[in-house]
Structure formats: C-alpha cells, structure tokens
Amino acid sequence: MDRHRNKADWQALDAAHFLHPFSDSRQIADRGTRLITRAEGIYLYDVDGNRILDGMSGLWCVALGYGRRELADAAYRQMNELPYYNSFFQCTTPPAIELAAKLAQLTPPQFQHVFFTGSGSEAIDTVIRLVRRYWQLAGEADRNVIIGRWNGYHGSTIAGASLGGMKYMHGQGMLPMPGVEHIQQPYGFELGMGQSSADFGVAAARLLEEKILEVGAHRVAAFIGEPVQGAGGVIIPPQTYWPEIQRICDRYGILLVSDEVICGFGRTGQWFGCEHFGTRPDLMSMAKALSSGYLPIGGVMVGDRVANMLIAKGEEFAHGFTYSGHPVCSAVALENLCILEREHVVEHVRDVAAPYLQERWAAFAAHPLVGEARGVGLLGALELVRSKEPRQWFEPRGKVGERCRDNAIRNGLVMRATRDTMIIAPPLVITRSELDELVEKAWRTLDQTYDELKRDGLL
Ligand code: PXG
C-alpha cells in the first residue's frame, strides 16, 4: 500500500475505482468519502485526525471494540501455522473444530452442530438449502415456501435479499425469488397505533398463521425473523410477539429460523436474541460479532431436528464454500468468543451497560423531535417526527435522518439513520462514562438538528 498518498489522492482513486455497497456512487464521488484510517477501543480516527465515537460498532459487528491484540495475535499465529486448508472431502483443521465445539457449548442446548460460511448472507443461503433439504429428506418436498417479513434484512445475495423484505432491493433485481412470502413486521410505532403493545404483538404474530393458511400448511417449510430487526430500524417486537410465533410454528410443524447476525453474541444482554425473547429456533444464522468483525466469518447453528435428519440419511449435503471453516477466521472467532467469556462481556451488557444506556436513552422521549425512544440491550432507536401530537412524519421521509446523521458525525459520533429513525449499537465493551459521552453527543446533535429545522422553516 502506498502510504505516501494524501486524503485527496485517496478520495480521487476511490471515486475512480471503488463501487461502494449500498451507496449512490455519483453522490459519494461528488462529496468525497469519509476516510477512516485507524481505531482504538470504541473510537475511530479519520484521515484528518478527528476522533469519532463508533456508536454502530462498525456495522453492528465490533463487539470487543478495536485494537484487541489477542485477535491480531491469533490471526498471526494461525497464518504462520496453516493459513488455509479446506473442510471439504473429509478434511478439517483444528481451529474450525475448536470453534464448532465452542459454539455448541455457548448456544442453546438443541444446537450441537454448525455449518460455517464466510458471511451472514451466505449463512442465509445455507439456511434455505438446509430447510429445503430437510423437508425433502422428510418426504415432504412440496414444503418449500419460506416466510419472512417486510422490512426484515437477511443480507444481499439473491436469497438473502429475497427473504428480506426491503422492497427497494426487490425492485432492483427481479426479486423476491420464487418460494418466498412475507408478512407485515411487528413495528408498533408505525403500525400499532390505538392498540396495546401486548395486543399488537399477538396480532402481528397471527399474521403468520394467516399466511400459512393462505399458502397451505403442507407447503410452508420455515419462518425466518431477526429477534430485533436491525437494518430495518431497530424494531423491537412486543414481548407477546415471539412466543406466539413459536406457538404457530409448533402448531404447523414448520421450522423456526432465528437470524442472529446482529442479535447474536450479547447484543441484547443474553448470548442470543432467541434467549432474550424465549424462542427455541431450529436454525440460527450468525456472523458479525462472531469474530467482532476482525475477519469475515459466518455460520448456521443446526438444531438436532435438522441435523439428525441430515446425518441419519447418510447422503452428501451438496453445499459449501471455499472458506467454510477457514482456519484463520476460525482462530480469530474462537479467541473472540473466549474473550467474551473470560471478560464476562455479556454479563457486562446485561447488568451494567444495557440498564444504564436504556435509562438514559428513555429520556430522549422528552426531546421535541423524538416521537419514540426505544431500546433493548445495547441497541437504541429514536423516531424523529415533525409533530408528536397529532403524529406527523417529515416529508419526504429520510431527509431529516440524513441531516441528523451528518450532524452526529460532525459532533464526533457515528449514529446511523434508517429513514428518520436514528440508531445506535455501540461496542459491547462500552463503559458507563463512554455511554455518557455517547448520550451527550446525541443530545447535542438532536438540539442542533432541531434548531436547523426551525431556522429552515421545516418545523
Ligand atoms: N442477517 C442480518 C440480520 C443482517 O443484519 C445479514 C444477515 C447479512 O450479513 P452479511 O455479512 O452478508 O452482510 C445482515 C447484515 C445496515 C447493514 O445498514 C446491516 C447489515 C449489513 C450491512 C448494512 O444496517 N446486516
């Protein structure tokens, strides 16, 4: 790498050659990209030397924060020992085995097996392959429909984008693929007006039963959902939602898939989101915090119901990736999980960081721009509205969120905007005083945004 280049050189090369994910390339070429050059703890540093509190853990993944030497050392040791070998054709490597065993220990008891992938999207593709193979082996090959939710996010491959319910993604590529259905999301702030949270949760879950009956129960293979929808806007279902979903899945015998790519490994204050909400999934997709994002790795925990069927048949499951069980990624993920355990990070979230954040976060409801302040674990969302009573959103949706996000960055805080919902998901190791800093920067950002909107006649 040419370290003698300066910011302008890099921005020019970036605009000339790098197509960015989920970005308007013309816009970023005009504005110039933000260049992050290093990071330590929960702080990022940009090319100008600005210190920015990373309220999004990278992209929901850097659970342990930046600069953990142990993870770098684990990668270095494994790279020297064995940088790559595959897990096809009856081969295996020690780090992948050790990681599989560690995951079996940390996940709920129905999970004794894992299938490794390189990312969350590949984990979702793997879920679809496993679900369909399961029902084929069970002698019910017509059970091939998978039900997801509108505004759910399950990645960006053809399969992941199909199971997800992002309509603008569907619109860009002949999606969703056949065999996928969606039901409405449990988004109380937008859809639950006039109902108690408990009633709305049950009603939202019953949409699954309606859809099963519409499709035909003999055709439905599985239901998939994120315990808390992340990319969709930190949408936290009422406590009544998931138990009712579980009851419906049990009643019709369909497989329940918990997409734990964001909620897994402590985000909610439990190891897995399904434990927070009390479900017993058959399959669990994971990625991100599995390695704290230091190297790409994902996987699917395969519950006994599915694993036993696959194993009992004694036939090849024709699926896998070059990097399934990559030894270096596995070594880093294993070290990451050991640190989470050794340093009681999930307990820190449950007992210290989450209660403190949620107490301080709830106070944002009093801000004149905030229609709802919600959160769970180390997740928080603020719904920005033009008026609280009667409720009015900003038109067009999303512009105020973008403005608020830009103000946050100027104030040294990464907050994400999903339309006009401001989101945080800081590293799990964040301390109380760092949470104070996050909350103070968020207040300052909201105040500034409010003043600007007043000034510009938008309020
Ligand atoms: N499932 C869930 C629940 C996710 O959040 C994926 C699957 C796909 O993972 P990969 O590793 O293939 O990206 C994700 C990813 C955002 C954002 O803007 C969220 C994700 C990825 C990129 C951006 O919030 N989640």
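Residue numbers here run from 1 along each chain, matching the order of that chain's written sequence. Per-residue local features of the predicted model are confined to residues with pLDDT of at least 70, and side-chain atom pairs are confined, for both listing and counting, to 80 or more; whole-chain, interface and lining totals are unaffected and use all residues. In computing side-chain values, all of the structure's heavy atoms are included and hydrogens and water are not.

A. Geometry of the overall build of the chain. Runs of H or I in DSSP of at least four residues are treated as helices and runs of E of at least two as strands, each being numbered from the N terminus. For the chain, the count of helices and strands is 17 helices and 15 strands. Radius of gyration (C-alpha) of the chain: 22 Å, near the 23 Å computed for a compact globule of 459 residues. When its C-alpha atoms are laid out on the principal axes, the chain stretches across 70 × 60 × 45 Å. For the chain, the proportion of its 459 residues judged to be buried stands at 54%. For the chain, the share of sequence-separated contacts (at least 6 apart) that also reach a separation of at least 24 residues comes to 70%. Summed over its atoms, the accessible surface of the chain is roughly 20200 Å², and 52% of this surface lies on carbon and sulfur atoms. This radius of gyration counts C-alpha atoms alone. The globule rule is 2.2 Å times how many residues there are, raised to the power 0.38. Buried residues are those whose accessible area, probed at 1.4 Å on protein chains only, stays under 20% of the maximum for their type, while exposed residues exceed 50% and partly exposed ones sit between those limits. The criterion used for residue contact is that any of the two residues' heavy atoms lie within 4.5 Å. The method behind every accessible area is Shrake-Rupley, applied with a 1.4 Å probe, and residues are considered shielded solely by the protein chains displayed.

B. Geometry of the sheet that holds strand E12 (residues 379–384). Taken in spatial order, the four strands of this open sheet run E11-E12-E15-E14, and their pairing is antiparallel. Whereas interior strands pair on both sides, the edge strands pair on one side only; in this sheet they are strand E11 (370–376) and strand E14 (416–418). Across the sheet, the axes of successive neighbouring strands diverge by a mean angle of 20°, strand direction being ignored. Should DSSP find at least two bridges between two strands, the strands are taken to pair. Alignment of E14 against strand E15 (residues 421–424), held across three bridges, turns out to be antiparallel. In the strand pairing of E15, threonine 418 is matched with threonine 421. Every angle, taken between N-to-C directions, lies between 0 and 180 degrees, and every axis is a line fitted to C-alpha atoms, over only the stretch in contact when it is a helix.

C. How the structure looks around the sheet that holds strand E1 (residues 36–40). Reading across from one edge, E1-E2-E3-E13 is the order of the four strands in this open sheet, with mixed pairing throughout. If you trace the sheet from one side to the other, it starts and ends with E1 and strand E13 (413–414), each paired once. Alignment of E1 against strand E2 (residues 43–46), held across four bridges, turns out to be antiparallel. Opposite isoleucine 36, over in E2, you have aspartate 46 as the bridge partner.

D. Fine view of the pairing of E11. As paired strands, E11 and E12 are joined by six bridges and run antiparallel to one another. When the bridges of E12 are listed, arginine 374 appears paired with alanine 381. The antiparallel pairing of E11 with E12 creates a hairpin that spans two residues between the two strands, and glycine 377 there sits at a positive phi of about 55°.

E. Focus on the site of the ligand. Throughout, the term near means that a residue has one or more heavy atoms lying within 4 Å of the molecule or strand in question. Taken together, 15 residues lie near the ligand, and Trp60, Gly120, Ser121, Asp259 and Arg416 sit nearest. Two N or O atoms form a polar contact when they lie within 3.5 Å of each other; inside protein one atom must be a possible hydrogen donor and the other a possible acceptor, and for residues adjacent in sequence the pair counts only when both atoms belong to side chains. A distance of 2.7 Å is found between a nitrogen atom of the ligand and a side-chain nitrogen or oxygen belonging to aspartate 259. Measuring from an oxygen atom of the ligand, one finds a side-chain N or O atom of arginine 416 at 2.4 Å. Those elements that provide at least two residues to the shell around the ligand are helix H3 (57–60) and helix H6 (120–137). Amino acid classes used here: Ala, Val, Leu, Ile, Met, Phe, Trp, Tyr, Cys and Pro are nonpolar; Asp, Glu, Lys and Arg are charged; the rest, including Gly, are polar. Among the residues forming the shell around the ligand, the class breakdown is six nonpolar, five polar and four charged. No fewer than three residues from each of domain 1 (34–67 + 344–455) and domain 2 (70–342) sit in the shell around the ligand. Each domain span listed reflects an automatic or database assignment of domains.

F. Structural view of the nonpolar core. Counting 64 residues, the largest nonpolar core has Leu99, Leu103, Phe265, Leu290, Leu337, Leu384 and Leu438 as the members making the most contacts within it. The residue makeup of this core includes at least three contributed by each of domain 1 (34–67 + 344–455) and domain 2 (70–342). Excluding residues within four positions of it along the chain, leucine 438 makes contact with Leu53, Gly55, Trp361, Leu413, Ile424, Pro426 and Ile430. The criterion is simple. A nonpolar core is a set of buried Ala, Val, Leu, Ile, Met, Phe, Trp, Tyr and Cys residues joined through side-chain atoms within 4.5 Å.

G. View of unusual backbone geometry. Cis geometry is found at the peptide bond from glutamate 389 to proline 390, where omega equals -5°. Note that proline 390 resides in the loop between E12 and helix H16 (399–410). Even without glycine at this site, phenylalanine 265 takes up a positive phi of about 70°. Checked against the element boundaries, phenylalanine 265 lands in the loop between strand E8 (255–259) and helix H12 (273–277). The buried category is assigned to phenylalanine 265, whose relative accessible area is 1%. If you check the backbone angles, lysine 288 has positive phi at about 40° while not being a glycine. Along the polypeptide, lysine 288 turns up in the loop between strand E9 (283–286) and strand E10 (298–303).

H. The domain arrangement of the chain, seen in detail. Here the domain parsing of the chain yields domain 1 (34–67 + 344–455) and domain 2 (70–342). Here the C-alpha centre of domain 2 lies 26 Å away from the C-alpha centre of domain 1. Take the accessible area each of two parts loses on contact, using a 1.4 Å probe, and add the two losses: that sum is the buried area. Taken together, both faces of the contact between domain 1 and domain 2 bury some 2900 Å²; the carbon and sulfur share is 61%. The three residues of domain 1 that bury the most area against domain 2 are Trp60, Leu64 and Val346, which together make up 23% of that side's buried surface. Just to be clear on terms, a salt bridge is a Lys or Arg side-chain nitrogen sitting within 4 Å of an Asp or Glu carboxyl oxygen. Scanning the region where domain 1 abuts domain 2 turns up one salt bridge. Two residues, glutamate 190 and arginine 397, come together in a salt bridge whose shortest N-O distance is 2.6 Å.

I. Structural context of the confidence of the model for the chain. Summary statistics for the chain give a mean pLDDT of 97 and a share of 100% for residues scoring 70 or more. Per residue, pLDDT captures the predictor's confidence, and it can take any value from 0 to 100. Here helix H2 (residues 25–31) stands out as the element of the chain with the lowest mean pLDDT, 85, in contrast to E8, whose mean of 99 is the highest.

J. Representation of the side chain of aspartate 259. By the element assignment, aspartate 259 lies in strand E8. The side chain of aspartate 259 sits in the buried core without any salt bridge; arginine 149 is the nearest counter-charge, 8.4 Å away. Asp and Glu are treated as the negative residues and Lys and Arg as the positive ones, with His and the ends of the chain left uncounted.

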